[in-house]
Amino acid sequence: MSKPYALELKGITKVFGSIVANKDVDMSVKRGEILAILGENGSGKTTLMNMVSGIYFPDEGKIFVDGKEVVIRSPKDAFDYKIGMIHQHFKLVDVFTATENIVLGINDGEKFNIKEAQKKVKEITDRYGFQIDLNKKIYEMSVSEKQTVEIIKVLYRGADILILDEPTAVLTPQETQKLFVVLRNMRADNKTVVIITHKLHEVLAISDRVSIMRKGKYIDTVITAEATEQSLTEAMVGEKVSLNIERKEPENLQERLVIKDLSVTAHDGKQLLKDVCFTAYGGEILGIAGISGSGQKELLESVAGLQRADKGASIIYFDPEGNEVQLVGKTPKAIRNLGIALSFVPEDRLGMGLVGNMDIIDNMMLRSYKKGKTEFLDRKQPRALAEEIIESLEVVTPSATTPVRRLSGGNVQKVLVGREISLNPRVLMVAYPVRGLDINSSYMIYNLISKQKDQGVSIIFVGEDLDVLIELCDRIMVINSGEITGIVDGKSAKKEELGLLMTKSTHEIEGDEEVAEDAK
Amino acid sequence: MFSSSVIITFLQRAVIQGIPLLYGSTGEILTEKSGNLNLGIPGIMYMGGIGGVIGAFLYENSLASKADANAFLAICIPLFSTILFSFLAGLLYCFLTVTLRANQNVTGLALTTFGVGFGNFFGASLVKLTKAEVPSVALTTTSAFFTKKLPFAANLGWFGKIFLSYGFLAYAAIVIAIVVAIFLTKTRGGLHLRAVGENPATADAAGINVNRSKYLATCIGSVIAGLGGLYYVMDYANGVWSNEGFGDRGWLAIALVIFAVWRPNFAIPGSIVFGGLYIIYLFIPGVSLRSQELFKMLPYVVTIIVLIMVSIRKKKENQPPASLGLSYFREDR
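Cut-off values and rules
Per chain, the residues get numbers from 1 upward, laid out in the order the sequence is written. Here the convention is simple: chains get letters from A, ligands get numbers from 1, in the order in which they are written. Per-residue local features of the predicted model are confined to residues with pLDDT of at least 70, and side-chain atom pairs are confined, for both listing and counting, to 80 or more; whole-chain, interface and lining totals are unaffected and use all residues. Just so you know, side-chain values use all the structure's heavy atoms and leave hydrogens and water out. The secondary structure listing takes helices from DSSP runs of H or I that are at least 4 residues long and strands from runs of E that are at least 2 residues long, numbered from the N terminus. We take the radius of gyration over the C-alpha atoms and set the globule estimate at 2.2 Å times the residue count to the 0.38 power. Residue exposure (1.4 Å probe, protein chains only): buried if accessible area is under 20% of the type maximum, exposed if over 50%, otherwise partly exposed. Shrake-Rupley sampling with a 1.4 Å probe provides the accessible areas, and residues are treated as covered by the protein chains on show and by no other component. These domain boundaries are the output of an automatic or database domain assignment. Contact between two residues is taken to exist if any of their heavy atoms lie within 4.5 Å; hydrogens are not considered. Criterion for a salt bridge: a side-chain nitrogen of Lys or Arg within 4 Å of a carboxyl oxygen of Asp or Glu. In the analysis that follows, any N or O atom pair within 3.5 Å is treated as a polar contact, provided that within protein one partner can donate a hydrogen and the other can accept it, and provided that, for residues neighboring in sequence, both atoms belong to side chains. Gly counts as polar in this scheme, as do all residues outside two lists: the nonpolar Ala, Val, Leu, Ile, Met, Phe, Trp, Tyr, Cys and Pro, and the charged Asp, Glu, Lys and Arg. Pairing between strands is defined by DSSP: at least two bridges between them are needed. Under this scheme, a helix contributes an axis fitted over its contacting stretch, all axes are lines through C-alpha atoms, and angles between N-to-C directions fall in the 0 to 180 degree range.

Novice: Mind showing me how you'd approach the overall build of chain B here?
Specialist: Looking only at helices and strands, chain B features 14 helices and two strands. In summary, chain B has a C-alpha radius of gyration of 20 Å against a globular reference of 20 Å for 333 residues, a match within 12%. C-alpha atoms of chain B, sized along the principal axes, occupy 60 × 50 × 40 Å. Put simply, chain B has 333 residues, and 52% of those count as buried. Looking at chain B as shown, the accessible area adds up to about 14800 Å², and 69% of this sits on carbon and sulfur atoms.

Novice: How do you make sense of the domain arrangement of chain A when you look at a structure like this?
Specialist: Accessible area lost upon the coming together of the parts is a frequently used measure of interface size. Residue and element names in this part refer to chain A. Taken domain by domain, chain A holds domain 1 (34-55 + 72-237), domain 2 (256-341 + 426-432 + 455-520) and domain 3 (349-423). Tallying the contact residues gives five residues for domain 2 and five residues for domain 3. Viewed at the interface, domain 3 and domain 2 are joined by zero salt bridges. Applying the counting rule to domain 2 against domain 3 returns zero residue pairs in polar contact (both at pLDDT 80 or more). For the side of domain 2 that touches domain 3, a count of residues per class yields three nonpolar, no polar and two charged.

Novice: Looking at this structure, I do not really get the sheet that holds strand S12 (residues 271-282) of chain A. What am I missing?
Specialist: Residue and element names in this part refer to chain A. Spatial ordering of the open sheet is given by S12-S11-S14-S15, a layout of four strands whose pairing is antiparallel. The outermost strands of the open sheet, each flanked by one partner alone, are S12 and strand S15 (324-326). Here the average twist between neighbouring strands, direction ignored, is 20 degrees. When strand S11 (residues 254-265) meets strand S14 (residues 314-318), the two strands line up antiparallel, connected through four bridges. Bridge pairing in S14 links Lys260 to Ser314. Across the sheet, helix H9 (residues 296-304) is in contact with S11, S12 and S14; its angle to S12 comes to roughly 65 degrees.

Novice: What's the story with the pairing of strand S10 (residues 217-223) of chain A in this structure? I'm lost.
Specialist: As a general feature of sheets, a regular strand has side chains that alternate between the two faces. Residue and element names in this part refer to chain A. The pairing of strand S9 (residues 209-214) with S10 spans six bridges and is classified as antiparallel. What sits directly across from Val210, in S10, is Val222. Between S9 and the antiparallel strand that follows it, S10, lie two residues; Lys215 among them carries a positive phi value of about 50 degrees.

What follows is the structure, encoded as structure tokens:
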């Protein structure tokens, strides 16, 4: 080998308590190359890279930079070797400006002068073509802008090796394209880019080589040009998987929920939802796409009675006999007592849906304790339900009496989704039900939801992966800053089209329509 | 209704009342900016006060005659013992909350209880040693050096009285508050410290030593707060220590932190407002002993109003540091 690798890992092992996060992992990447690290959630990709960036320290193994062995004990050491990492959860201080965040932690011995620093930052943004207002505070920024700040921050520190952890998870397709252009510019600039991801099509689109990890172990490295989506999936999962969702044609659709003029205003006067109107049918899956925080949560909570709607809103529910029931103004309990089963998988698994310190049985009882007839708890039925869910959804747990907090993220999610579905709801609202799940479990959940649809349940599905939404949903509704910007057919929807609806302001769209009408 | 001389006296007394609060809240603001909610401040101020008393007591007892008192030693010995006591208290707090990651609220409240008990124990012991008839220790010789005013202050009428009639510790409080304000907003160190309090994981990833920042800010903050105790006993109380005399000033200092929306420069006028509200009952004719206490509530009422206003406006910059009260552990997942 003539030229040493820019970064090389040999035999890296990291253990957290009794969990082995990385076992004997090797990896290498050259200058002027984009390496993708592919693996499912929990396969140890991020842990591995955190050891390179100094967040964790490996228990065993060696790290080489440009062929020389190095010891990285802190993020500061990593900077010294020109390694910079852009974390999935942005490490930015909300109340600081972009510039303040970028210069944070740098002590170059010169006099502290934020204006001088800003000039230097400006040089970087001009060179790579970033567009950003450096005086904007982080809390006023969009996710994409925050990510830009993170990347500039790393470049400002003179990093030659950039590690990006799931950079596209929060971006729209258009923003992803922009990011990829920047990454390619960096490759042309002879920088080394490592991108951690679990999205196959992105791997194929951007990387030169792919290293695959599974359950903390290194599996293989392949050249991207020689790989296919199917071959990568099999290497990642370790077995053949079918990536198909059974989507039957929706049959005898019945109006189940009719929502009209639903607006929600926050305490500080911010409009969270504005004039939302749509109809959800029994026997179909209505997908909701949008950048996170665009009002999805408020929409679901309004229906569930957890969020107060502004005056004039109307949410009509049709019960089995076809009677209209107005849900606005009812308490969550009243909505349930009326025999209207609205099931809701909150976005934050342990935050709202389950109690971490309670076991699976007791968590089942959170939904059913009111059915009890005596003052004493009857654990028989919840136990049966818990055991049924453990068996049917393949929940990995020592027993039904293990505290939920001790289960891995994916298994927690299964317990939660399983409980909600077991209530036989007529309207099932789910938000990000597969966040943190591996591919097999994700598809299990998709098919579970599909089955509910076949039984005539009306499903409202908030998702973040547009590919999945397109595959799973019969109709996809796009929400943008609290407004519905469009409802498209699931079978004919295009990702780019959805992306555009997610980002464009409604006025622009209205403007376009006017232009289109004028053209007629 | 009020003569000008009453108003001048009121303003002067308000400043004197405000200075210990200013010390306490400057120290607490510095501490809170590192993400440590040190509710031990009342105890630390109390310990700072008794520290000064012990120092002064030892110094006065070592003198053959009171006329031998040397200005430099009379100031430096109590000052040193105050700094030592409050520094150690801050160090204890840090060790428990930063190194051992104990709950900050519990640790702080325990420290307050401990500090008050500590002060009362040594206070009562000193009273016993002096064999005084009243339950207090008088250290007037040392105190005289602390209360020394500018020589020409008396000749300048109302101006001299309002602006120049204080001991040097009062001016030091204002200087320290301004220095801390500049440090927090204009320097690299301040930027780093604020980052630690807002988001320690970010600061850590940026290469800032989070634990070191927390230790430094909290210990220096404690020393500043401790000086408030020294000022109280040596200047305000003319060197007379009596147990529980310090009252609820420590809690007022913490309330002042909120009132000043975590800005030491706002705490300067804020402390005078608090000081004024604290003693206003003395200047309103016909206030009975019972209704006095209602007036003493005023600073807290004002704090609650400020809290309400700040939370209604929801301006991010006026909120407490985002990770206030939380301990940080890098490998926490």
